[in-house]
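Analysis of the macromolecular model
For reference, the chains in residue letters:
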Amino acid sequence: MPLLKDEDQKYLRAEFARKLTGPVKIVFFTQAQDCMFCQPTEQIIRELLPLSDKLSLETHAFAPGSEEATRYGIDKIPAIVLVGAKDYGVRFYGIPAGFEFSTLVADIIDVSRGETSFSPEARDKVRAIAKPVDIQVFVSPTCPYCPPAVRLAHMAAIENGLVTAAMVESTEFPHLAHQYNVAGVPRTIFNGTVSLEGAAPEALFIEKLLEAAR
Amino acid sequence: MPDIPTFDIAIIGGGPAGLTAGLYAGRGGLRAAVVEKLMPGGLVANTERIDNYPGFPEGISGYDLAQRMQAQAAKFGAQFVSDEAAAIAIEPKSFLVRLSSKAQLRAKALVIASGAYPRTLGVPGEKELLGKGVSYCAVCDGAFFKNQDVAVVGGGDSAVQEAVYLAGLCSTVTVVHRRSSLRAAESLQRVAFRNGKISFSWNRTVVAIEGGTQVEGLRVMDKETMKEEVLPVSGVFIYVGYHPNSAVVKDLVQLDENGYIVTDENLMTSAPGIFAAGDVRRKLVRQISGAVGDAATAAVAAQQYIENL
Ligand SMILES: Cc1cc2nc3c(=O)[nH]c(=O)nc-3n(C[C@H](O)[C@H](O)[C@H](O)COP(=O)(O)OP(=O)(O)OC[C@H]3O[C@@H](n4cnc5c(N)ncnc54)[C@H](O)[C@@H]3O)c2cc1C
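Here is what the cut-offs are and how they apply
- Residues numbered from 1 in each chain as written.
- Chains lettered and ligands numbered in written order.
- Predicted model: local features only at pLDDT ≥ 70, side-chain atom pairs only at ≥ 80, totals over all residues.
- Heavy atoms only, no water.
- Axes fitted to C-alpha atoms, helices over the stretch in contact; angles between N-to-C directions.
- Helix = DSSP H or I, 4+ residues; strand = E, 2+ residues; numbered from the N terminus.
- Parallel < 35°, antiparallel > 145°, perpendicular 65-115°, else oblique.
- Contact = heavy atoms within 4.5 Å.
- Nonpolar A, V, L, I, M, F, W, Y, C, P; charged D, E, K, R; others polar.
- Near = heavy atom within 4 Å.
- Polar contact = N/O pair within 3.5 Å; in protein donor to acceptor, adjacent residues only side chain to side chain.
- Areas by Shrake-Rupley, 256 points an atom, 1.4 Å probe, with all protein chains shown as cover.
- Buried area = accessible area lost by both parts, 1.4 Å probe.
- Salt bridge = Lys/Arg side-chain N within 4 Å of Asp/Glu carboxyl O.
- Buried < 20%, exposed > 50% of the residue type's maximum accessible area, 1.4 Å probe, protein only.
- Pairing = 2+ DSSP bridges.
- Phe/Tyr/Trp six-rings, centres within 6.5 Å; stacked < 30°, edge-to-face > 60°.
- Lys NZ or Arg CZ within 6 Å of the ring centre and 35° of its normal.
- Core = buried A, V, L, I, M, F, W, Y, C linked by side-chain atoms within 4.5 Å.
- Patch = residues over 30% accessible without salt bridge, like charges linked within 9 Å, V, L, I, M, F, W, Y side chains within 5 Å.
- Lys, Arg positive; Asp, Glu negative; His and termini not counted.
- Charge placed at Lys NZ, Arg CZ, Asp CG, Glu CD.
- pLDDT = per-residue confidence, 0-100.
- Domains from an automatic or database assignment.

Bringing the packing of helix α5 (residues 120-127) of chain A against helix α8 (residues 202-213) of chain A into the picture now. Residue and element names in this part refer to chain A. For the pair α5 and α8, interaxial distance at closest approach is 11 Å and the crossing angle is 10°. It follows that α5 is roughly parallel to α8 by the angle criterion. Across from Ala-122, Lys-125 and Val-126 in α5, the residues of α8 making contact are Glu-202, Ile-206, Leu-209 and Leu-210. The residue makeup of the contact of α5 with α8, split by class, is five nonpolar, no polar and two charged.

Printed below as a string of structure tokens:
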């Protein structure tokens, strides 16, 4: 059964036609067995692909430490990397379903254009960051407050090459949720240390990001 | 400075009220913008199951209902603006809405459909343990408490409904309520009373939420004996009412003592051209069906207002 209804497909096709400027390669790391959410994640990607000729797919069977996994820094699956004019450091670990589907779509558009909807002040601050920051945003697919948190993180990655950002679907990676003591989403973790609770406005997100970059 | 996009109606908030206002305005041939800071759907999107919205005798998930409402508004041409209305200025025959991203938009009439946000208990531990066992959204965070013991604070529809949802995931759910009976609808109460995993702690007020890095217990006080006890739970879900999201219009329209927007029978506020619909408005019942009904009235009244400008 297709996930995207006819009218959703029509809407997305029009949206992509209007907004995508450059090509976006979806790099997908998967595994045939022992990965409950790999197949459903692949289905989501496969249904998106035909909606724009700017989209392409590159699938890799996941092997820890393999050349591709190392190149993209992938250590768990299912994993999605969105590559536009370059690899901006935008990652999804776990299925981008439910509310996170909208995040995936918005990210594809930003990566294609190589630009984000940050306010000019926020953008300047993000671009000025001179130290690497890795952001993990813990979510659940049923969390309506989570997409804005993931979007802010991914937008920061797009604006600054030193910033990488990942959505982490908490229920698929309980060990990580446990490691960071996550019992509520969204939770944004910067460089494994600085933490931000809930769906924060842009200004607060930037403040925490700069704190981690100090 | 690029041209400021101009609409007939700007609708602030994309919950059931905002989406319905968008639908009616769009169908009425108006250029309508729905400004939503989070996700379209509002509070409905964080509700597991809705059993009292007419037309869905089997019930419908909040997420599904929200998506359908959004699709219907989009179908009639409502435009979605993913941003927060930060300030509103009244101009001659129009309104200027400043958004958090610093973008602006202009409209001849406004429908305020910004809903309400969950009230906090204001007890020690609540802020500190947010996301570490304290939650206001069972569908978001319930999965973290699989096979654990949790408490739900409150006695209204939302509290009881979410207790039933959590009982499907957790080992036990204790509903802590400051009175000796629930305010929730009879049918909900019956479902909860029949559920073997749900128990009730009556006449208790919450004193504190305890724990270090995680919630370890909920300290409650018996209102009659004044005795305190600690319920050993790892999650506390709080449903104790709402505050209206009316800050953006607080200096422009009349609010009641609790901050809800006061309207006339056509849902116009004290400021001509500004209408209000849904939970943000002063009224007795705050439900989806009411929000949707409000929005139909507000959108049509706004259209008449524009035609008479
Ligand atoms: C757990 C729970 C269970 C419920 N169960 C039921 C049920 O079974 N049946 C039922 O009928 N009702 C139920 N309700 C009540 C129902 O959800 C509300 O009555 C309904 O959502 C009100 O709709 P609304 O559009 O007025 O406001 P909301 O749904 O609150 O939507 C308001 C929207 O406005 C946005 N917003 C606020 N301020 C701004 C701003 N400045 N700029 C941009 N956007 C803004 C918010 O992000 C939000 O999305 C339940 C509520 C909860 C919390």
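Residue and element names in this part refer to chain B. The immediate surroundings of the ligand are formed by 35 residues, with Glu-36, Asn-52, Tyr-242, Asp-279 and Ile-288 found nearest. Interatomic distance of 3.2 Å between a backbone N/O atom of Pro-16 and an oxygen atom of the ligand. The contact in question runs from an oxygen atom of the ligand to an N or O atom on the backbone of Ala-17, over 2.9 Å. The protein chains hide 95% of the 1,000 Å² of surface that the ligand would expose on its own. Mapped by element, the contributors of at least two residues to the shell around the ligand are α1 (16-27), β2 (32-36), α4 (157-167) and α6 (288-307). Per-element tally for the shell around the ligand: the top contributor is α4, with three residues. Looking at the shell around the ligand residue by residue, the classes come out as 15 nonpolar, 13 polar and seven charged.

Attention now goes to the interface of chain B and chain A. One frequently used descriptor of interface size is the decrease in accessible area upon assembly of the parts. With 21 residues of chain B in contact, the opposing surface of chain A contributes 23 residues. Both faces combined, the contact of chain B with chain A buries some 1,900 Å², and carbon together with sulfur accounts for 62% of it. Its largest share of buried area at the contact with chain A, chain B owes to Met39(B), Cys140(B) and Phe144(B), together 30% of the area lost on that side. The interface formed by chain B and chain A holds one salt bridge in total. Between Glu121(A) and Lys102(B) there is a salt bridge; the shortest N-O distance is 2.6 Å. Taken together, the connections running from chain B to chain A amount to 10 residue pairs in polar contact (both at pLDDT 80 or more).

Attention now moves to unusual backbone geometry. Of all residues except glycine, most have a negative phi; of all peptide bonds, most are trans. Geometrically, the link from Ile77(A) to Pro78(A) is a cis peptide bond, its omega value of -5° lying close to zero. When you line up the elements, Pro78(A) lands in the loop between α3 (67-72) and β3 (79-83). For the peptide bond that leads from Val185(A) to Pro186(A), omega is -5°, which places it in the cis range. Tracing the sequence through the fold places Pro186(A) in the loop between α7 (174-179) and β7 (187-190). With phi around 55°, Asn147(B) is a residue other than glycine that occupies positive phi space. Residue placement: Asn147(B) occurs in the loop between α3 (138-141) and β11 (149-153). Notably, Asn203(B) is not glycine yet its phi reads approximately 55°, a positive angle. Tracing the backbone shows Asn203(B) in the loop between β13 (198-201) and β14 (204-211). When its relative accessible area of 18% is taken as the criterion, Asn203(B) is described as buried.

Right, let's get into the sheet that holds strand β16 (residues 228-231) of chain B. Residue and element names in this part refer to chain B. Spatially, β14-β15-β16 is the arrangement adopted by the three strands of the open sheet, whose pairing is antiparallel. On the outer flanks of this sheet lie β14 and β16, each paired with one strand and no other. For this sheet the average axis-to-axis angle between neighbouring strands, irrespective of direction, equals 25°.

For the coordinates displayed, the defined rule picks out nine aromatic pairs over all chains. Consider the rings of Phe99(A) and Tyr63(B), whose centres lie 4.6 Å apart with planes at 75°: the pair is edge-to-face. Here Tyr63(B) lies in helix α2 (residues 62-75) and Phe99(A) lies in the loop between β4 (87-93) and α4 (100-113), a pairing that spans two chains. On the numbers, 5.9 Å between centres and 55° between planes, the contact of Phe138(A) with Tyr180(A) is tilted. Taken as a pair, Phe138(A) in strand β5 (residues 133-139) and Tyr180(A) in the loop between α7 and β7 lie far apart in primary sequence, 42 residues in all. Each member of the pair, Phe138(A) together with Tyr180(A), is buried. Following the ring pairs from residue to residue traces out a cluster consisting of Phe193(B), Phe200(B) and Trp202(B). Geometry around Tyr93(A) places Lys76(A) over its ring, the cationic atom sitting 4.0 Å from the centre.

Membership of the largest hydrophobic core comes to 105 residues, with the highest contact counts inside it found for Phe29(A), Leu82(A), Ile108(A), Ile135(A) and Phe205(A). For this core, the element with the highest residue contribution is helix α6 (residues 146-159) of chain A, accounting for nine residues.

This part is about a positive patch on the surface. All names here are of chain B. On the surface, Arg-119, Arg-178, Arg-179, Arg-183 and Lys-223 cluster together into a positively charged patch. Topologically, Lys-223 is positioned in the loop between β15 (215-222) and β16. Judged by relative accessible area, Lys-223 falls into the partly exposed class, the value being 41%.

Residues and elements named next belong to chain B. Along the chain, Ser-114 falls in the loop between β8 (104-112) and β9 (116-118). Only 2.7 Å separates the side chain of Ser-114 from the backbone oxygen of Asn-245, close enough to count as a polar contact. Those residues in contact with Ser-114 that sit more than four places away from it in its chain are Ile-12, Gly-13, Asn-245 and Val-280.

Turning next to the sheet that holds β11(B). Working definition: the strands of a sheet are paired by backbone hydrogen bonds and lie parallel or antiparallel to each other. Residue and element names in this part refer to chain B. Here five strands make up an open sheet; going across it, the order is β10-β17-β11-β12-β13 and the pairing parallel. If you trace the sheet from one side to the other, it starts and ends with β10 (134-135) and β13, each paired once. Across four bridges, the pairing between β11 and strand β17 (residues 235-238) is parallel. Paired with Val-150 across the bridge in β17 is Gly-235. Sitting on the sheet, α4 touches β11, β12 (172-176), β13 and β17, and the angle it makes with β11 is about 170°.

Before going further, it helps to spend a moment on the confidence of the model for chain B. Summing up the model confidence of chain B, the mean pLDDT is 95 and the portion of residues at 70 or higher is 99%. Across the interface, the model reports ipTM at 0.83; the global pTM reads 0.86.

This part covers the domain arrangement of chain B. Residues and elements named next belong to chain B. Here chain B is partitioned into domain 1 (6-117 + 242-307) and domain 2 (120-238). Taken over C-alpha atoms, the centre of domain 1 sits 31 Å from the centre of domain 2. With eight residues of domain 1 at the interface, the matching set in domain 2 holds seven residues. When domain 1 packs against domain 2, close to 510 Å² is buried across both sides, 50% of that on carbon and sulfur atoms. Where domain 1 touches domain 2, the interface holds zero salt bridges. Its residues assigned to classes, the side of domain 1 that touches domain 2 comprises three nonpolar, three polar and two charged.

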